[in-house]
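# A look at the structure
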Amino acid sequence: MSPRRAAGHALRRPALRLVSGLAAALAVVTVLAGCAGSSDGPVPTASASPSAVAQATGKPGGTLELVTSAMPSGDPGWAVTTADQVLARLVSRTLYAYPPDPDIDKTVIPRPDLAAGAPQVSDNGKVIRVRLSSAARWDTPVPRRVIAPDVARGIKRLCAPPTPSPLRGYFAATIVGFTDYCTALFTKPIDQVKDFIEGESPAGIQVINDTDIAFHLIEPVNDFVEVLALPAAAPVPYEALDYLPNSPDYLANLVSDGPYRITGSTGGTYMLSRNEEWNSHSDFIRRATEGPDHIRIHTGVDPATAQAQIEAGDADMTLDAAVPLDRAAALLQAGDPRLSVPTTGSTMLLAVARHGPAAALDDLTVRETLATCIDRISVVKALGGPPFATAATQLLQPTMTGYSPLDPFPTPSGAGDATRCGQGLANAPGAPVSTLTLLTSDSPRDAAVASALAETFAKAGVKLDVQARAAADFAAAAVSPLAQTWDLALTTLTPLWFGDAGRTVFQPLLDPNWVGQRPVDGGYDTRDVLATMGVALRAGTETLRAGAWADLEATVLRDVAVIPLAVVAEPRMHSSSVLSFTLVPSLGTGDPTGVSLGPA
């Protein structure tokens, strides 16, 4: 490995919070100037081939060694996994983004990235106008500015065939005409897609000029900045339309506007070097001026091997893999400072079917009894125990707007109530419930949790019939509420952001009209819940918003639409050479653009 040492510290201006309703224009850089006045009407309109793999020079900054099982495509529109999002962080920018900060309350609030400041909002809340900074550049043979048409292009191509982005639902749910546009785009032959994207636009995406873009919303919402902070809202250059989205060709011809660019690959190793067109003075999210000059990404590395390489100092961080739990427990016990365990994570839950084999689950009293059957202590143990898993009786996490401790069906020590469970299910209206079918994926983690649940239900005299499916088969069965072959489905909900996060927690789970990725569908009647969601999304103050999200959560949990089990936190490891390792909840790991390198 090349010699490495820490780089100097660049000055950073303080970031200010974007407040509710998007109406207050507190900006990190300059306040938006010259924007059109508030209105509820329309806003006036006004590749080179990669070189051979670069070799680290050993100059200050050094080379960050990353390992991963497989190289992501680098396409931000399809950035769903941790690996996807980490690579996107290196080579792409968004209008808004989440900064690395040791204070978790600060790192869950989106800040301006490509945007020059907070957005301007019309009086009726339905038009959101964003001005771009003029400093960002594409790393093209003849460098050019990142402009508003690039932002529009990035969002429009989310529905491109053959496999549209799993993140398109956030835009379909908010932007006028986006669903119709997607339908039209997806039905186009591949050879017509490029011209359609360049020539047509949803009614709700309006390019005003090179600097300004406006979004016309179906209804006012107070979380649109969070939507614009998704990697899926990243601009893409017109060169990207020459390649299938999320494909090896996209990766091979990737054009960067982030702090790093891909300079080549050989033997499964990709080299990234500093992007000379990236302007550190206009990027208040990524501290790359303090970081490595080069990044090598080694592919084909399984989690156990990755862990061994990091501990030996032969690698610095993983792009995707968490620390294997048995090793994480040993490192935690030893107090190893290289181990980081986040306080946010994914929520594992049981969805309760309303149209499954056990017809009695359509009765609220039976579902209330069912909620007392769960031994969360055994579930947490199956997941590795604290701090890698903690018992959860709700879906909102402590960093989220509307969170307030809630346990509608408490049991002694959270270990379930076998007596109440057994008696209640045996006396269910119509017929006793003696068997329940549990749908799970075939992952080892799900198998461990299913085994713990089966033991718990057996104590209450109920057999849990476990149906383990491969990932694709699980997804098909889990979202077919009118043809359910299961009573309970074990699934994981991973929020895409962790501050004002009600939408990303509840809408993919509960909205029957949601498009794109969703965890499961139990067939729950969501009319009242969706009405409350609308209230939360339109609330003008944080207090009102928090109250509405708390009410929505209480309704869902007391109706026993789902039964939360645990929050699962994935431990991350970095080498001794990595300094300033900071977990960013929306990434799911440490921010590689925020680290610096020093002596091991």
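These numbers were taken from a predicted model, which means no experiment stands behind them. (Residues numbered from 1 in each chain as written. Predicted model: local features only at pLDDT ≥ 70, side-chain atom pairs only at ≥ 80, totals over all residues. Heavy atoms only, no water.)

## Observations regarding the packing of aromatic side chains
If you walk through the whole model with that rule in mind, you get 6 aromatic pairs. Centroid distance Tyr 181 to Phe 196: 5.2 Å. Interplanar angle 35°. Geometry classified as tilted. Highlighted residues: Tyr 181 in helix H5 (residues 178-186) and Phe 196 in helix H6 (residues 190-199), separated in sequence by 15 residues. With a relative accessible area of 5%, Tyr 181 lands in the buried category. For Phe 196, a relative accessible area of 14% corresponds to the buried category. Of the aromatic side chains, those joined through ring pairs into one cluster are Tyr 170, Trp 497 and Trp 514. (Phe/Tyr/Trp six-rings, centres within 6.5 Å; stacked < 30°, edge-to-face > 60°. Helix = DSSP H or I, 4+ residues; strand = E, 2+ residues; numbered from the N terminus. Buried < 20%, exposed > 50% of the residue type's maximum accessible area, 1.4 Å probe, protein only.)

## A look at helix H3 (residues 148-156)
The element H3 is largely enclosed, with a buried count of 8 among its 9 residues. Taken together, the buried positions of H3 are occupied by Ala 148, Asp 150, Val 151, Ala 152, Arg 153, Gly 154, Ile 155 and Lys 156.

## A few points about the sheet that holds strand E18 (residues 463-469)
The strand order across the open sheet built from 6 strands is E16-E20-E15-E19-E17-E18, with neighbouring strands paired in mixed fashion. Edge positions in the sheet fall to strand E16 (389-391) and E18, since each of these pairs with one other strand and no more. The sheet shows a mean angle of 25° between the axes of neighbouring strands, taken without regard to direction. The pairing of strand E17 (residues 435-441) with strand E19 (residues 488-493) spans 2 bridges and is parallel. By the bridge assignment for E19, Leu 439 is matched with Ala 489. In this fold helix H14 (residues 444-459) packs onto strand E15 (346-352), E17, E18, E19 and strand E20 (562-568), with an angle of close to 165° to the strand it touches most, E17. (Pairing = 2+ DSSP bridges. Axes fitted to C-alpha atoms, helices over the stretch in contact; angles between N-to-C directions. Contact = heavy atoms within 4.5 Å.)

## Quick word on the state of the cysteines
In the structure shown here, the tally under the stated rule is 2 disulfides. Between the sulfur atoms of Cys 159 and its disulfide mate Cys 182 the distance is 1.7 Å. The disulfide joining Cys 159 to Cys 182 has a torsion of about 45° about its S-S bond and is therefore right-handed. Here Cys 159 is found in the loop between H3 and helix H4 (169-172), whereas its partner Cys 182 is found in helix H5, with 23 residues between them in sequence. (Disulfide = S-S within 2.5 Å.)

## Quick look at the environment of Arg 144
Structurally, the position occupied by Arg 144 is in strand E7 (residues 144-145). In the structure, Arg 144 is positioned 93 residues away from Pro 237 in sequence and 9.9 Å away in space, judged by C-alpha atoms.

## As for the packing of helix H16 (residues 502-510) against helix H18 (residues 542-558)
It is at 11 Å that the axes of H16 and H18 come closest, and there the two elements cross at 35°. With respect to the hand of their crossing, H16 and H18 are arranged in left-handed fashion. Residues Gly 502, Arg 503, Phe 506 and Leu 510 of H16 touch H18, and the partners they reach there are Trp 549, Leu 552, Glu 553 and Val 556. For the contact of H16 with H18, the residue count by class is 5 nonpolar, 1 polar and 2 charged. (Left-handed = near helix turned anticlockwise from the far one by under 90°. Nonpolar A, V, L, I, M, F, W, Y, C, P; charged D, E, K, R; others polar.)

## Brief notes about the sheet that holds strand E5 (residues 127-131)
Strand order in this open sheet of 4 strands is E4-E5-E9-E8, and the pairing throughout is antiparallel. The open sheet has two free edges, formed respectively by strand E4 (120-121) and strand E8 (205-207), since each of these has just one partner strand.

## Observations regarding the pairing of strand E9 (residues 212-216)
By the criterion of burial, E9 is predominantly enclosed, with 5 of the 5 residues buried. On E9, burial covers both faces: Asp 212, Ala 214 and His 216 on one face and Ile 213 and Phe 215 on the other are all buried. Relative to E9, E5 runs antiparallel, the two being bridged by 5 bridges. Following the sheet pairing, Val 127 is matched in E9 by His 216. Hairpin connection from E8 to E9: 4 residues lie between these consecutive antiparallel strands.

## Points about unusual backbone geometry
Between Pro 161 and Pro 162 the backbone carries a cis peptide bond, its omega angle lying at 5°. Mapped onto the elements, Pro 162 comes out in the loop between H3 and H4. The amide bond that connects Pro 386 to the next residue, Pro 387, takes the cis arrangement and shows omega of 0°. Within the element layout of this structure, Pro 387 appears in the loop between helix H12 (376-382) and E16.

## Side note on the confidence of the model for the chain
Looking at the chain, pLDDT values average 90 and 90% of them are 70 or higher. Low pLDDT, under 50, characterises residues 1-60; the predicted model gives this stretch 151 contacts beyond four residues in sequence or across chains. (pLDDT = per-residue confidence, 0-100.)

## Re the nonpolar core
Counting residues in hydrophobic clusters, the biggest one holds 88 residues, and the most contacted among them are Leu 95, Phe 171 and Phe 215. No other element matches H18, which puts 6 residues into this core. Excluding anything up to four places from it in sequence, Phe 215 contacts Leu 95, Lys 126, Val 127, Ile 128, Val 130, Val 151, Ile 155, Ile 175, Gly 204, Ile 205, Phe 224 and Leu 228. Counting residues in hydrophobic clusters, the runner-up holds 36 residues, among them Ala 358, Leu 361, Ala 371 and Ala 566. (Core = buried A, V, L, I, M, F, W, Y, C linked by side-chain atoms within 4.5 Å.)

## Structural notes on the environment of Pro 495
Along the chain, Pro 495 turns up in the loop between E19 and H16. In the structure, Pro 495 is positioned 10 residues away from Val 505 in sequence and 5.7 Å away in space, judged by C-alpha atoms. Every residue in contact with Pro 495, bar those within four places of it in the chain, is listed here: Gly 345, Gln 397, Met 400, Thr 504 and Val 505.

## Observations concerning the side chain of Thr 456
Mapped onto the elements of the fold, Thr 456 is located in helix H14. A distance of 3.0 Å separates a polar atom in the side chain of Thr 456 from the backbone oxygen of Ala 452. Setting aside its immediate chain neighbours within four residues, Thr 456 contacts Cys 373, Ile 374, Asp 375 and Ser 378. (Polar contact = N/O pair within 3.5 Å; in protein donor to acceptor, adjacent residues only side chain to side chain.)

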